[in-house]
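These are the residues of each chain, in order.
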Amino acid sequence: MTCLPDYDGGGIANLMASLIAGLGGKQGDLPAASLLHPDELSAYRNVVLMVLDGLGDNLLQASKEAAWLNRHRRGRLTSVFPPTTATAITTYLTGEPPSRHGLTGWHMYFRELGSVVAVLPCRPRFGGATLGEAGVSVATLLNHVPLYDRLAVPSHVLSPAYIAGSDFNLAHLGGAALHAFESWQELLSQVSQLAREADSRRFIYGYWPKLDGLGHEQGIGSGSVKEHLAMLDAGLSALAGELAGSGTLLIVTADHGQIDTTDADRIDLDDHPELARTLALPLCGESRAAYCYVRAGMEAAFENYVFDRLAHAAALHRSADLIAQGWFGPGAPHPRLHERAGDYVLVMKEHYVIKDWLPQERRHTLVGVHGGITADEMHVPLVTASL
């Protein structure tokens, strides 16, 4: 079943609109989340948002290991398009849909830099120095207003130590206090301490990436994922017990879900040299939603090849059409959105993925993937606990 993002009250962008308004900020024109009204937040001293990377709602509901999470599940939200960390986490860090923050996937063509960049590590796809190391101000490049500068309360950001000081993280930190952690237990301890010591209202944001990583490596349906989800559930249950009576609203959600793939689902651009010759740049975006930059005059050849050879695996869309139809969100688009979404988008069907490789890249296989428009990828849970 396919599922498009909801920006009218049922998506993660709307959740952020609720949090902004409920924490004293200016909501803007995005509707609040229908599952969490801003007025509900007024009763709490602490609002804690925990984002568990890769936790799809369908996975959660099918997981008996996650008893506490399922008991407190309020409903489901959609992610953004594409449902992937680089795009969805930026919505969490800015409160804006992709149409406005302008980040469209893991690999993005920045015309102003003349380079395809891996967005989260802020490193050119060909490797080498990060943008910061090369003298590029990522904050200036992205020109985002951090979420925390839109709120009327102090904010605390809890991030894995290996990315806490990254160019991307620091570009979105604003006036928030940054706390690095090494483990799940350390993250929970930091949340507990920050919430219990608060003498005035505060917002606490925590991000946990490992579930997503296990899904990529071993499959979202693997035993390792189930075991890890059980650990997350037990930790959140214990945290809720520690924070009982603290005036805390604990919100748990995710950036996207995942699906598992097999060798039969993988399309390698090396096997399609005629298609590769029509492209002016490497594939951008995601393996489930690939942005294609087509050489001038080769549009017909590109389209014909996709229709003739790949129609079983990919739906072909003009990027401008998806922008106009609101897949990336409502409102006037980011001034660079069109150039960051390519000429066409290959939205992969069923469990198919498409991938190309630069000469220096180490070839690897991901079992669990995301970025497409299946319900497993697009739906994320909304879990809340009043403590």
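All residue numbers refer to position in the chain's written sequence, counted from 1. The predicted nature of this model means local features are confined to residues of pLDDT at least 70 and side-chain atom pairs, given and counted, to a pLDDT of 80 or more, with totals for whole chains, interfaces and linings taken over all residues. Side-chain numbers here rest on the full set of heavy atoms in the structure, without hydrogens or water.

Draft legend 1. Spotlight on the layout of surface pockets. Computed over the protein atoms alone on a 1 Å grid, cavities are sets of points where a 1.4 Å probe fits but cannot get out and pockets are open sets with protein on both sides within 12 Å along at least five of seven lines; a residue lines them when it has an atom within 4 Å of a point. Grid points are joined across faces, edges and corners, and a volume is the space filled by probe spheres set on the points. The volume enclosed by the second largest pocket comes to roughly 160 Å³. Put simply, Ala, Val, Leu, Ile, Met, Phe, Trp, Tyr, Cys and Pro go in the nonpolar bin, Asp, Glu, Lys and Arg in the charged bin, and everything else, Gly too, in the polar bin. Considered class by class, the residues forming the lining of the second largest pocket number 6 nonpolar, 3 polar and 2 charged.

Draft legend 2. The arrangement of the packing of helix α10 (residues 210-218) against helix α11 (residues 223-242) in detail. One can describe the packing of α10 onto α11 by two numbers: an axis separation of 9 Å at closest approach and a directional angle of 170°. As the angle between them shows, α10 and α11 are arranged roughly antiparallel. Of the residues in α11, those in contact with Lys210, Leu211, Leu214, Gly215 and Gln218 of α10 are Ser224, Val225, His228, Leu229 and Leu232. Of the residues contributing to the contact of α10 with α11, the split by class is 5 nonpolar, 4 polar and 1 charged. Note on method: axes are straight lines fitted to C-alpha atoms, helices fitted across the in-contact stretch only, with angles between N-to-C directions ranging 0 to 180 degrees. In DSSP terms, a helix is any run of H or I states spanning at least four residues, a strand is any run of E spanning at least two, and both are numbered starting from the N terminus. Relative orientations are named as follows: roughly parallel for angles under 35 degrees, roughly antiparallel for angles over 145 degrees, roughly perpendicular for angles from 65 to 115 degrees, and oblique for any other angle. Contacts were defined at the residue level, with two residues in contact if any of their heavy atoms lie within 4.5 Å.

Draft legend 3. Molecular detail of the pairing of strand β3 (residues 107-110). Residues His107 and Tyr109 point to one face of β3 and Met108 and Phe110 to the other, with burial holding for every one of them. Two strands qualify as a pair provided DSSP detects at least 2 bridges between them. Here β3 hands over to strand β4 (residues 115-118) after 4 residues, with glycine 114 in that stretch at a positive phi of 65°. Using a 1.4 Å probe on the protein chains alone, a residue whose accessible area is under 20% of its type maximum counts as buried, one over 50% counts as exposed, and one in between counts as partly exposed.

Draft legend 4. Main features of the environment of leucine 103. Among the structural elements, leucine 103 can be located in the loop between α5 (98-101) and β3. C-alpha separation for the pair leucine 103 and threonine 87, spaced 16 residues apart in sequence, amounts to 5.5 Å. Among residues more than four places away in sequence, those in contact with leucine 103 are Ala86, Thr87, Thr90, Pro98, Met108, Phe110, Val119, Leu142, His144, Phe168 and Arg340.

Draft legend 5. Broad picture of empty space enclosed by the protein. Going through the model one piece at a time under the given rule, you end up with 1 cavity of 30 Å³ or more. Looking at the largest cavity, its volume works out to about 30 Å³. The wall of the largest cavity is formed by Phe110, Val117, Val119, Cys122, Leu131, Val138, Leu141, Leu142 and Phe168. Sort the elements by how many residues they give to the lining of the largest cavity and helix α6 (residues 138-142) lands first, with 3 residues. Among the residues forming the lining of the largest cavity, the class breakdown is 9 nonpolar, no polar and no charged.

Draft legend 6. The arrangement of the sheet that holds strand β6 (residues 155-160) in detail. Within the open sheet, the 7 strands sit side by side as β2-β18-β9-β1-β8-β6-β7. Their pairing is mixed. The open sheet is flanked by β2 (73-78) and β7 (177-181), the only strands paired with a single partner. Strand-to-strand twist in this sheet, taken as the mean axis angle between neighbours without regard to direction, amounts to 20°. Judged from the 4 bridges that link them, β6 and strand β8 (residues 202-208) form a sheet pairing that is parallel. Across the sheet, residue histidine 156 finds its bridge partner in β8, namely isoleucine 204.

Draft legend 7. Region of interest: the nonpolar core. Among the buried residues, those of types Ala, Val, Leu, Ile, Met, Phe, Trp, Tyr and Cys that are joined through side-chain atoms within 4.5 Å form a nonpolar core. Among the nonpolar cores identified, the biggest contains 101 residues, and Phe81, Phe203 and Tyr205 are the most heavily contacted of them. Among the elements that line this core, the one with the most residues is helix α1 (residues 12-22), at 7 residues. If we ignore the near neighbours within four places in the chain, the residues touching phenylalanine 203 are Leu19, Leu23, Val47, Leu49, Leu147, Tyr148, Leu151, Val153, Pro154, Ser155 and His156.

Draft legend 8. Local environment of helix α9 (residues 184-197). Here, expected helix span is obtained from the residue count minus one, scaled by 1.5 Å. Taking 1.5 Å as the rise per residue, α9 with 14 residues should run 20 Å; its terminal C-alpha atoms sit 20 Å apart, in good agreement. Against the buried residues of α9 lie β1 (46-52), β6, β7, β8, α11 and β9 (248-253).

Draft legend 9. Local environment of the side chain of glutamate 303. Take glutamate 303: it is sitting in helix α13 (residues 299-309). With residues near it in sequence (within four places) discarded, glutamate 303 still touches Leu316, Arg318 and Tyr344.

Draft legend 10. Structural view of the pattern of salt bridges. For salt bridges, the criterion is a side-chain nitrogen of Lys or Arg within 4 Å of an Asp or Glu carboxyl oxygen. Overall, the coordinates contain 16 salt bridges when judged by the stated rule. The salt bridge involving aspartate 356 is made with arginine 125; its shortest N-O contact spans 2.9 Å. You can see aspartate 356 sitting in the loop between β16 (353-355) and β17 (368-369) and its partner arginine 125 sitting in the loop between β5 (123-124) and α6, a full 231 residues away along the chain. Given the relative accessible area of 6%, arginine 125 is considered buried. Between arginine 363 and aspartate 270 there is a salt bridge; the shortest N-O distance is 2.6 Å.

Draft legend 11. Representation of the packing of α9 against α11 within the structure. Interhelical geometry of α9 versus α11 gives an angle of 20° and a closest axis separation of 10 Å. One finds that α9 runs roughly parallel with respect to α11. Crossing angle aside, the handedness with which α9 passes α11 is right-handed. Of α11, the residues touching α9 (which contributes Trp184, Leu188, Val191, Ser192 and Arg196) are Met231, Leu232, Gly235, Leu236, Leu239 and Glu242. In the contact of α9 with α11, the residues fall into 7 nonpolar, 2 polar and 2 charged. Definitions for this section: a left-handed crossing has its near helix turned counterclockwise from the far helix by less than a right angle. A right-handed crossing has that turn clockwise.

Draft legend 12. Molecular detail of the packing of aromatic side chains. Whether two aromatic rings pair depends on their centres lying within 6.5 Å, for rings of Phe, Tyr and Trp, where Trp uses its six-membered ring; planes under 30 degrees apart make the pair stacked, over 60 edge-to-face, and the rest tilted. Enumeration over the complete set of coordinates arrives at 7 aromatic pairs. Geometrically, the ring pair formed by tyrosine 109 and tyrosine 293 is edge-to-face, given 5.4 Å between the ring centres and 75° between the ring planes. Of this pair, tyrosine 109 sits in strand β3 while tyrosine 293 is found in the loop between β13 (289-292) and α13, placing the two residues 184 residues apart along the sequence. A single burial state applies to tyrosine 109 and to tyrosine 293, both of which are buried. Each residue in the set Phe81, Trp327 and Phe328 is aromatic and connected to the rest through ring pairs, giving one cluster. Whether a charge sits over a ring depends on NZ of Lys or CZ of Arg being within 6 Å of the ring centre and within 35 degrees of the ring normal. Lysine 355 extends its terminal NZ or CZ atom over the ring of tryptophan 357, reaching a point 4.2 Å from the ring centre.

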